[in-house]
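Residue-level listing of the chains:
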Amino acid sequence: MGRGKDLGISGGINVYPKEVDLPIDKLDGVMKSAVIGLSQTVYGEQVTAVVVRNQDAGGPI
């Protein structure tokens, strides 16, 4: 479906979700990830990663 926004602002710092989820996707055991901004009272937005793990991956990511 795509992202709602291509930029999040957390504590006055610009956060581009794609710059965060691309390195996560390269980790062993990660099938796919998505980085989203969740509302947060102090910082405005909180950067949160949602990760789908490969079924055949063993151990922690």
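J.: Got a minute to help me understand the overall build of the chain in this structure?
T.: When its secondary structure is counted, the chain shows one helix and four strands. Each helix (α) and strand (β) of the chain, taken in turn from the N terminus, gives the series β-β-α-β-β. For the chain, the share of sequence-separated contacts (at least 6 apart) that also reach a separation of at least 24 residues comes to 28%.

J.: I would appreciate a short explanation of the pairing of strand β4 (residues 44-53) in the present structure.
T.: For a regular strand, side chains alternate in direction, first toward one face of the sheet and then toward the other. In the sheet, strand β3 (residues 30-40) pairs with β4 via ten bridges, with the strands oriented antiparallel. Note that in β4 the partner of Ser33 across the bridge is Val51. Hairpin geometry of β3 and β4 is characterised by an intervening segment of three residues between the two adjacent antiparallel strands.

J.: Help me understand helix α1 (residues 17-25) in this model?
T.: An α-helical turn contains 3.6 residues, so a residue and the one three or four places further along point in the same direction. Those residues of α1 not exposed but buried are Pro17, Asp21 and Ile24. Projection of α1 onto a plane perpendicular to its axis shows the buried side chains occupying an angular sector of 55 degrees, all on one side. Taken together, the buried residues of α1 touch β1 (8-10), β2 (13-15), β3 and β4.

J.: Explain a nonpolar patch on the surface to me, please; I cannot follow it from the model alone.
T.: Together, Leu7, Ile9 and Tyr16 make up an exposed nonpolar region whose accessible area comes to about 240 Å². Its location among the elements puts Ile9 in strand β1.

Thresholds applied
- Starting from 1, residues in each chain are numbered consecutively following that chain's sequence as written.
- Residues qualify for local features only when their pLDDT is at least 70, as the model is predicted, and side-chain atom pairs are given and counted only at 80 or more; totals for whole chains, interfaces and linings, by contrast, use all residues.
- Hydrogens and water are ignored here; the side-chain numbers use all heavy atoms of the structure.
- Strands are runs of DSSP state E lasting at least two residues, helices are runs of H or I lasting at least four, and both sets are numbered from the N terminus onward.
- Any two residues whose heavy atoms approach within 4.5 Å at even a single point are treated as in contact.
- Between any two strands, at least two bridges found by DSSP are needed for them to pair.
- Only protein chains enter the calculation, and the probe is 1.4 Å; a residue is then buried if its accessible area is under 20% of its type maximum, exposed if over 50%, and partly exposed in between.
- Working definition: the arc comes from the directions between the helix axis and the C-beta atoms, pointing outward to the latter.
- Patch criteria: residues need more than 30% relative accessible area and no salt bridge. Like-charged residues are merged within 9 Å; nonpolar side chains of Val, Leu, Ile, Met, Phe, Trp and Tyr are merged within 5 Å.
- Residue exposure ignores everything except the shown protein chains as possible cover, and the areas themselves are Shrake-Rupley values with a 1.4 Å probe.
- Take a side-chain nitrogen of Lys or Arg and a carboxyl oxygen of Asp or Glu: if they are within 4 Å of each other, that pair is a salt bridge.

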